[in-house]
Amino acid sequence: MKLTAIVTGASEGLGKSFAFELASRAINLVLVALPNSGLPQLANFIRINFNIEVTEFELDLTQTENCETIFNTLQQQRITADFLINNAGLGNWSWFEEKQIDFYKKQIDLNITSTVLLTRLFLDQINKQQPSYILNVGSLGGRFVVPRKLVYGATKSFISYFTRCLQLEQVNSLVKVSLLSPGGINTKPELLVLNHALKGISKATILEPEQVAKKAIDGLLKGKKEIIPGQINRLLVFFDLLLPNFIKALIIKRKLTATVGTPRLVNA
Ligand SMILES: NC(=O)c1ccc[n+]([C@@H]2O[C@H](COP(=O)([O-])OP(=O)(O)OC[C@H]3O[C@@H](n4cnc5c(N)ncnc54)[C@H](OP(=O)(O)O)[C@@H]3O)[C@@H](O)[C@H]2O)c1
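Note that this is a predicted model, so its numbers are computed, not measured.

Visitor: Please give an account of the overall build of the protein chain that cites residues and values.
Guide: Scanning the protein chain for helices and strands turns up 10 helices and 7 strands. Relative to a compact globule of 268 residues, whose C-alpha radius of gyration would be 18 Å, the protein chain shows 18 Å and is just as compact. Counting only C-alpha atoms, the protein chain reaches 55 × 40 × 35 Å along its principal axes. Of the contacts formed within the protein chain by residues at least 6 apart in sequence, a portion of 69% connects residues at least 24 apart.

Shown next, in the form of structure tokens:
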């Protein structure tokens, strides 16, 4: 019997690459994205080209009841999901005071609340006698202190903490839980432009969404606790662990002073 994977934020970017990666492994899909994002067309394309079943939900995940709608509908259709890919996320690159409170509420609701609720509802419906998989998409931005990404980075720190605790709680079950911590990804035109302007190590940290999705699914199936795609990104994490906090703070302050007015300090 074919397995089924739920992918949130599947209409574009990394989520779309997850959809193709899972489809190429003959896994049925449940795709979720906002209305009017081309999701039905994508679902149709995948159905025709990969010969799998695809269910789509055009829903706003910042509305709590929509998380329940997904699982209630799947239950009615007798679909049990074996994979949950918590990918939908809202990023930004701006000083704290540049965004209004509605933006931060949406960012927290999507990046944190929907991930927690979907994970909780997913665990209620799995078949506990066979393996199930949860992939939470965090970010290297959740590890490093990055001004102008302060709420975003904090939501990704939450995802990291939540995932690590869940891994411990599920240690005696067949549920595998992985944290994906990518650096910058060329997911959309505006990021492509910014990433193209990067130089040196910053440029070397950027990956394509297809590469990230493949690494992530490979790692998830192997039961890896944390997946950090890209050698340079793994090196950055290693140095981050070695450097004392006061030196990191000094580097950030210097970079910040040097880059005021320029597009970005660090990717992800
Ligand atoms: N890109 C990077 O450099 C990078 C780096 C590290 C981590 N990440 C993480 O990777 C994940 C994917 O990022 P991405 O760059 O691929 O993002 P993206 O291109 O902006 O795609 C986001 C996806 O989420 C969907 N979405 C947005 N708001 C939603 C809502 N309220 N309800 C349901 N779906 C919603 C979007 O649907 P619509 O098309 O309908 O808007 C889209 O499918 C995020 O969690 C992000 O934080 C990204």
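Visitor: Describe the sheet that holds strand S3 (residues 54-58), and please don't skip the residues or the numbers.
Guide: Across the sheet, 7 strands lie side by side as S3-S2-S1-S4-S5-S6-S7; this open sheet has parallel pairing. Both outer strands of the open sheet, S3 and strand S7 (226-227), are each paired with one neighbouring strand and no more. Packed on one face of the sheet, helix H2 (residues 39-50) meets strand S2 (28-33) and S3 and runs near 175° to S3. Docked against the sheet, helix H5 (residues 150-169) engages strand S5 (132-137), strand S6 (175-180) and S7, running at close to 155° with respect to S6.

Visitor: Explain the site of the ligand to me, using residue names and the numbers behind them.
Guide: As a structural note, the neighbourhood of the ligand is formed by 31 residues, with Ser11, Asn87, Tyr152, Thr187 and Lys188 the closest of them. Here an oxygen atom of the ligand and a backbone polar atom of Gly9 are 3.1 Å apart. Tyr152 is positioned with one of its side-chain polar atoms (N or O) 2.6 Å from an oxygen atom of the ligand. When the ligand is considered free in solution it has 900 Å² of accessible area, and contact with the protein chains removes 90% of it.

Visitor: Account for a nonpolar patch on the surface, naming residues and giving values.
Guide: On the surface, a cluster of nonpolar side chains totalling about 410 Å² of accessible area is made up of Leu235, Phe238, Phe239 and Leu242. Looking at the secondary structure, you find Phe239 in helix H9 (residues 231-242). Overall, Phe239 belongs to the partly exposed group, its relative accessible area being 44%.

Visitor: Can you explain the side chain of Thr115? Please cite residues and give values.
Guide: Locating Thr115 in the fold gives a position in helix H4 (residues 101-125). A polar contact is formed between the side chain of Thr115 and the backbone oxygen of Asn111, at a distance of 3.0 Å. Other than its neighbours up to four places away in sequence, Thr115 contacts Asn86, Leu110, Asn136, Ile159 and Phe162.

Visitor: Could you give me a rundown of H4, with the residues and numbers involved?
Guide: Look at H4: 35 Å from first C-alpha to last across 25 residues, which is about the 36 Å you get at 1.5 Å a residue. Its maximal kink placed at Asp109, H4 deviates by approximately 35°.

Visitor: Give a description of the pairing of S3 that names residues and reports values.
Guide: As judged from the 5 bridges shared by S2 and S3, these two strands associate in the parallel manner. Bridging across to S3, Val30 finds its partner in Thr55. For the handedness criterion, the β-α-β arrangement of S2, H2 and S3 is classed as right-handed.

Visitor: Tell me about the nonpolar core, and name the residues and values.
Guide: Residues Phe18, Leu29, Leu31, Ile46 and Leu180 are the most contacted members of the largest nonpolar core, which totals 32 residues. Those elements giving two or more residues to this core turn out to be strand S1 (4-8), helix H1 (13-24), S2, H2, strand S4 (83-86), S5 and helix H8 (209-222). Every residue in contact with Leu31, bar those within four places of it in the chain, is listed here: Val7, Ala10, Ala19, Leu39, Leu42, Ala43, Ile46, Val54, Thr55, Glu56 and Phe57. In terms of nonpolar packing, the next biggest core, distinct from the first, is built from 24 residues, Leu61, Ile70, Phe71 and Leu84 among them.

Visitor: Summarise the packing of aromatic side chains; cite the residues concerned and give the values.
Guide: As enumerated under the stated definition, the model contains 7 aromatic pairs in all. Seen from their ring centres, Phe20 and Phe50 are 6.0 Å apart, and the 55° between their planes marks the pair as tilted. Of the two residues, Phe20 sits in helix H1 while Phe50 sits in helix H2, which places them 30 residues apart along the sequence. With relative accessibility at 26%, the residue Phe50 sits in the partly exposed group. Considering the side-chain rings of Phe96 and Tyr104, the 5.1 Å spacing of their centres and the 40° angle between planes classify their relative orientation as tilted. Taking relative accessible area as the criterion, Phe96 reaches 45% and is therefore assigned partly exposed. Taken together, the aromatic side chains of Phe20, Phe45 and Phe50 make up a single cluster linked through ring pairs.

Visitor: Can you tell me about the pattern of salt bridges, naming the residues and giving the values?
Guide: Inspection of the entire model under this criterion finds 9 salt bridges. With a closest N to O distance of 2.9 Å, Glu56 and Arg47 form a salt bridge. A salt bridge links Arg143 to Glu226; the shortest N-O distance between them is 2.7 Å. Placement of Arg143 in the loop between S5 and H5 and of Glu226 in strand S7 is noted, with a sequence separation of 83 residues between them. Judged by its relative accessible area of 19%, Glu226 is buried. Residues joined in a network through salt bridges with shared partners are Glu21, Arg25, Lys214 and Asp218.

Visitor: Before we move on, can you summarise the side chain of Gln167 with the specific residues and values?
Guide: Mapped onto the secondary structure, Gln167 falls in helix H5. In contact with Gln167, other than residues within four places in its own chain, are Val177, Ser178, Leu179 and Lys225.

Criteria and cut-off values
Residues numbered from 1 in each chain as written. Predicted model: local features only at pLDDT ≥ 70, side-chain atom pairs only at ≥ 80, totals over all residues. Heavy atoms only, no water. Helix = DSSP H or I, 4+ residues; strand = E, 2+ residues; numbered from the N terminus. Rg over C-alpha atoms; globule rule 2.2 N^0.38 Å. Contact = heavy atoms within 4.5 Å. Pairing = 2+ DSSP bridges. Axes fitted to C-alpha atoms, helices over the stretch in contact; angles between N-to-C directions. Near = heavy atom within 4 Å. Polar contact = N/O pair within 3.5 Å; in protein donor to acceptor, adjacent residues only side chain to side chain. Areas by Shrake-Rupley, 256 points an atom, 1.4 Å probe, with all protein chains shown as cover. Patch = residues over 30% accessible without salt bridge, like charges linked within 9 Å, V, L, I, M, F, W, Y side chains within 5 Å. Salt bridge = Lys/Arg side-chain N within 4 Å of Asp/Glu carboxyl O. Buried < 20%, exposed > 50% of the residue type's maximum accessible area, 1.4 Å probe, protein only. Expected span 1.5 Å × (residues − 1). Bend = angle between axes of the 7 residues up to and from the residue. Right-handed = clockwise from strand over helix to strand, strands pointing away. Core = buried A, V, L, I, M, F, W, Y, C linked by side-chain atoms within 4.5 Å. Phe/Tyr/Trp six-rings, centres within 6.5 Å; stacked < 30°, edge-to-face > 60°.

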